[in-house]
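Residue strings, one per chain:
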Amino acid sequence: MRTNNLDAAFRTATFAFLLATLLAGCAKPAPVPESAPTESPPQIAPATPDAPPPAETLPAPEDAPASPAQPAPDAPAPTEPSAVPKPTAANEPSLESMSVATPSAKMSVAVDVRYSFDSAALPGQPVTLHLAAVPRVSGSNFNVSVKEVAGVRLAAGPLNLQKTDGSNVYRRQFSVTRGTDSPPQLRVLVTMDYASGSGFGFFSVPFGSGTNPQKEVSVKQR
Amino acid sequence: MRKYTLGLTLASISAVLLTACGGGGSSSSSSSSGGNTNTAPIANAGSNQTVTSGVTVTLNGTASSDPDGTIASYAWTQTAGTPTVTLASGTTSQPTFPAPTVATAATLSFSLVVTDNVGANSPAASVNVTVNPAAGGNVDVTGQVTFARVPFGPNQNSGLNYASPVQQPSRGVMVEALAAGTTTALATATTDNLGNYTLTVSNNTSITLRVTARMRRTGSPQWDVRVQDGVAGNSPYTYTEPGSFNSSAGSAHNVSIPTGISAAGVATGTRASGPFAVLDTIYQGIQTILGAVPTTSFPALIVDWGSQTDGTFFSGSGTQHIGLLAELTEDTDEFDQHVIAHEFGHYIEFNFSRADNIGGAHGGGDKLDPRVAFGEGFGYAFAAIVMNDPVARDSYMNGTTPVSGRFNVEVNPPTSPAAAQNNDYGCWCSESSVWSILWDVYDNVADANDNLALGFTPIWNVLTVQQRDTPAFTTVFSFIAGLKAQNSGSTNAINTLVAAQNIDATNIDIYGTSETHSATEVPANAALPIYSLATIGGPAIVVHTVDDAGHHNKLGNRRFVRFTLNTTRSITITASSSNTNADEDTDFRVYRNGLFVRSATSPAAPNETTTFSAQPGEYLIDVYDCANGCDPNPDGTREGTPGDYDLTVTVN
């Protein structure tokens, strides 16, 4: 079974770092450039250009306080700002209760992505999407982002980590507001470098599930 | 409806009986159905015709009749003459075809069989169509077909460089000369290995060129591969060159198929070159196989690229097909040659070898079920061999930036986990070990632990003999055992290469019986022995299962038990788990000599039992607790509570 081996000192340090980060507002991502892509100079990782340098110790492990959702700089103001949920560690769902996001069929990253909405994602009503990335192997240049699409308003930037450990769980919360014309699902991009290469995976997070996962008689996929 | 079906059945049986007994001598005789007599219909294929190349010919079956009913359907077939033509509306009373270009008069023969409203067939009627050359003679129209390939940028993480597409020959595809302003094909040709074509058409004819995303060859070797949308329709994509020209005018008539994508990676119109890029990678894959066996007959293959969103995959169920992603803003695979060749590798393994790979999610560094490790590792080794390029790349968009994932199959994962720092180290459970071994068997560049340079043919020979017929599951063990058996002169070099991936090569057998290496991610008793040996009527076998490396297809999720049966008898297999959760579900599947026999996969059943009449052979049991060994449900929930469990298996 996967276990969380973080000790209390590390959790305290992580909490302090997250608090400082929040106060400084540096969790906000830089705007994604909209200009035509050109061949860039060599990159260490396929991360969004001009993104803030990833923090060395920014993991949001299972029991650490989570950072509240931050509006993206170029995102329109929510219709009802006061309704934007302010997630806290207390309302983090357990990993076991979260749904499993489906990756692309082909070779992906060795990461499980789980998700949960804190309520039904109805049009015009912001909800909190809880994402948990669970690497199956250690790696570096780890990035988790939600693809921006028309009809969905997102608040909070990607998760960027220089290193990941195969024994930890990395969490991120996003405030999500569906429009009436939103697609039926969100797409989560996870990228990671590993010993012999660099991988990526797009994961599907359907709006219609994950609010209250229940065990059901399954349709087995073999 | 049921009554009608019964009538059809009786009519069919009666017809068969009459034919078998010699009573009647042809299907034109009367038959009875429920006490009523039905008279077979009469086909009339119309009068013989003489036409000139280029005109549209209409066959005429309207004079067909049925004395006691109606004509329900028409079936036309070309029975003689060359070239073979394609009938439009071939199941109607009046199909058409363009009279082909011929150098001398040619007679084409067709037969018509009609079926009446109760399912009785007529005897065949025939008709001849004589095609004369056009009055002005013929001319060869020649040229080259090229498609625009979007290459990767120069840096290791670069994505597709849409600003700089390159034209490449479109090899082995169908080219047609259409009568200008119509879809009537006057002549058809296939491009050669340089993309060149020659179409023989009538002089002074206004024509338009159309290229179809289909590679088809009959005879030996043969293949039929087409690229289609799959959701919007089942016809292959086509590209029609704008404008028309006189067949007697000018010299080379080249066709340049554009990307339809801007420098910024945005579609500006039809993404025309995509299907041809896909086909050309498969063309290279076919040539690789022909290099080993020049007479290979490839089963038909369809590539769905366009609207399907199920991912990039190969499916052998139903019509064999490869699905490829086509989402420009996220992940599109038409220019990702290693990805396409990898999926084609699954097709090759499925058709010419045996693929026990259970599929499922996997990523670099994963410790996998050894069946998955071999199948996926072979796929990428095969892709590298096809491309003769060890660096596999897969493009995608990160926001609006084209980037790529990558790995190099020439890089051998380190032996020691500690040295690896990340988890990607040598293991029989690692796809990267499999692809590095296979690549080193193939390539002629010596490196550490690699002094082999056997090329592809020895790999093919193992795939199509030992790996196809192994009574074990298809893993690196069965492959290496076969490779050593076929290449005894290279035993030491194979041992050295394989041992560097933490695999006991010296004493290897198809079951990995001597294997002592495991992976640090899971307890040793959840990985070894790879197969636990059971005896019929013997003690229960207990194997350990975990989810430490992930679920469904990862190392330790599923365990293998095997036994030998020498005589035909009834066999009862049971399995249970130490999992005491209410949602516990133990399942297993049984194989004989490597082929699936039966499964015991009742939903949410803590114990499974199956009894069957068993033939002699080597039996394999793939047993698992669904909490560890099943994929998530479609709604993202997972069945059961994953954990560390003991599975108990009995064979009686």
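Residues numbered from 1 in each chain as written. Chains lettered and ligands numbered in written order. Predicted model: local features only at pLDDT ≥ 70, side-chain atom pairs only at ≥ 80, totals over all residues.

(A) Spatial organisation of the overall build of chain B. Along its length, chain B carries 11 helices and 34 strands. Reported as C-alpha extents along the three principal axes, the dimensions of chain B are approximately 80 × 70 × 50 Å. Expressed as a percentage of the 652 residues in chain B, the buried residues total 50%. Taking the contacts inside chain B whose residues are at least 6 apart along the sequence as the reference set, 65% of them involve residues at least 24 apart. (Helix = DSSP H or I, 4+ residues; strand = E, 2+ residues; numbered from the N terminus. Buried ≥ 20, exposed ≤ 12 C-beta atoms within 10 Å, placed from the backbone. Contact = placed C-beta atoms within 7 Å.)

(B) Up close: the overall build of chain A. Tallying secondary structure elements over chain A gives 1 helix and 10 strands in all. The helix and strand sequence of chain A, counted from the amino end, reads α-β-β-β-β-β-β-β-β-β-β. Within chain A, the proportion of its 222 residues that are buried is 45%. When contacts within chain A are restricted to residue pairs at least 6 apart in sequence, long-range pairs at least 24 apart make up 70% of them.

(C) Spatial organisation of the nonpolar core. In terms of nonpolar packing, the biggest core is built from 141 residues, with Ala177(B), Leu279(B), Ala381(B), Leu438(B), Ile480(B) and Ile621(B) touching the most fellow members. If near-sequence neighbours (up to four positions away) are discounted, Ile621(B) is found in contact with Phe560(B), Val561(B), Ile573(B), Phe588(B), Val590(B) and Val649(B). Ranked by size, the runner-up nonpolar core spans 44 residues in total, among them Ala121(A), Phe142(A), Leu161(A) and Val403(B). (Core = buried A, V, L, I, M, F, W, Y, C linked by C-beta atoms within 7 Å.)

(D) Spotlight on the confidence of the model for chain B. All names here are of chain B. Across chain B, the average pLDDT comes to 91, with 93% of residues at or above 70. Confidence drops under a pLDDT of 50 for residues 1-30, and excluding neighbours within four residues, the segment shows 35 contacts in the predicted structure. Our summary of model confidence lists the complex with pTM equal to 0.80 and ipTM equal to 0.83. (pLDDT = per-residue confidence, 0-100.)

(E) Broad picture of the confidence of the model for chain A. The predicted model of chain A averages 65 in pLDDT, with 53% of residues at 70 or higher. Throughout residues 212-222 of chain A the model reports pLDDT below 50, and contacts reaching past four residues in sequence, or to other chains, amount to 20 contacts.

(F) Molecular detail of the domain arrangement of chain B. Residues and elements named next belong to chain B. Its domain assignment divides chain B into domain 1 (2-38), domain 2 (138-335), domain 3 (370-499) and domain 4 (524-651). On the domain 3 side, the residues contacting the 16 residues of domain 2 number 13 residues. With 5 residues, helix 2 (residues 273-292) is the single largest residue contributor to the side of domain 2 that touches domain 3. (Domains from an automatic or database assignment.)

(G) Geometry of the packing of helix 4 (residues 370-387) of chain B against helix 6 (residues 431-442) of chain B. Residue and element names in this part refer to chain B. Axis separation between helix 4 and helix 6 bottoms out at 7 Å; the angle between their running directions is 40°. If you check the angle between helix 4 and helix 6, you find them oblique. Both helix 4 and helix 6 take part in a crossing whose hand is right-handed. Along the contact surface, helix 4 presents Ala373, Phe374, Glu376, Gly377, Phe378, Tyr380, Ala381, Ala384 and Ile385, while helix 6 presents Glu431, Ser432, Ser433, Val434, Trp435, Leu438, Trp439 and Tyr442. The residue makeup of the contact of helix 4 with helix 6, split by class, is 12 nonpolar, 3 polar and 2 charged. (Axes fitted to C-alpha atoms, helices over the stretch in contact; angles between N-to-C directions. Parallel < 35°, antiparallel > 145°, perpendicular 65-115°, else oblique. Left-handed = near helix turned anticlockwise from the far one by under 90°. Nonpolar A, V, L, I, M, F, W, Y, C, P; charged D, E, K, R; others polar.)

(H) Main features of the pairing of strand 27 (residues 541-545) of chain B. Residues and elements named next belong to chain B. Burial along strand 27 is one-sided: Ile541, Val543 and Thr545 are buried, while Val542 and His544, pointing the other way, are not. Bridge count for strand 27 against strand 34 (residues 645-651) is 5 bridges, and the pairing is antiparallel. Opposite Thr545, over in strand 34, you have Tyr645 as the bridge partner. (Pairing = 2+ DSSP bridges.)

(I) Representation of the sheet that holds strand 29 (residues 569-577) of chain B in the model. All names here are of chain B. A sheet is described by the order of its strands in space; here 4 strands give the open sequence 27-34-29-32, paired in antiparallel fashion. Each end of this open sheet is capped by a strand with a single partner; those strands are strand 27 and strand 32 (607-614). Each adjacent strand pair in this sheet contributes to an overall mean axis angle of 20°, direction not counted. Here 8 bridges tie strand 29 to strand 32, and the two strands are oriented antiparallel to one another. Bridged to Thr574 within strand 32 is Thr609.

(J) Structural context of the environment of Pro390(B). If you trace the backbone, Pro390(B) turns up in the loop between helix 4 and strand 24 (391-398). For the pair formed by Pro390(B) and Asn557(B), sequence separation is 167 residues and the distance between their alpha carbons is 31 Å.

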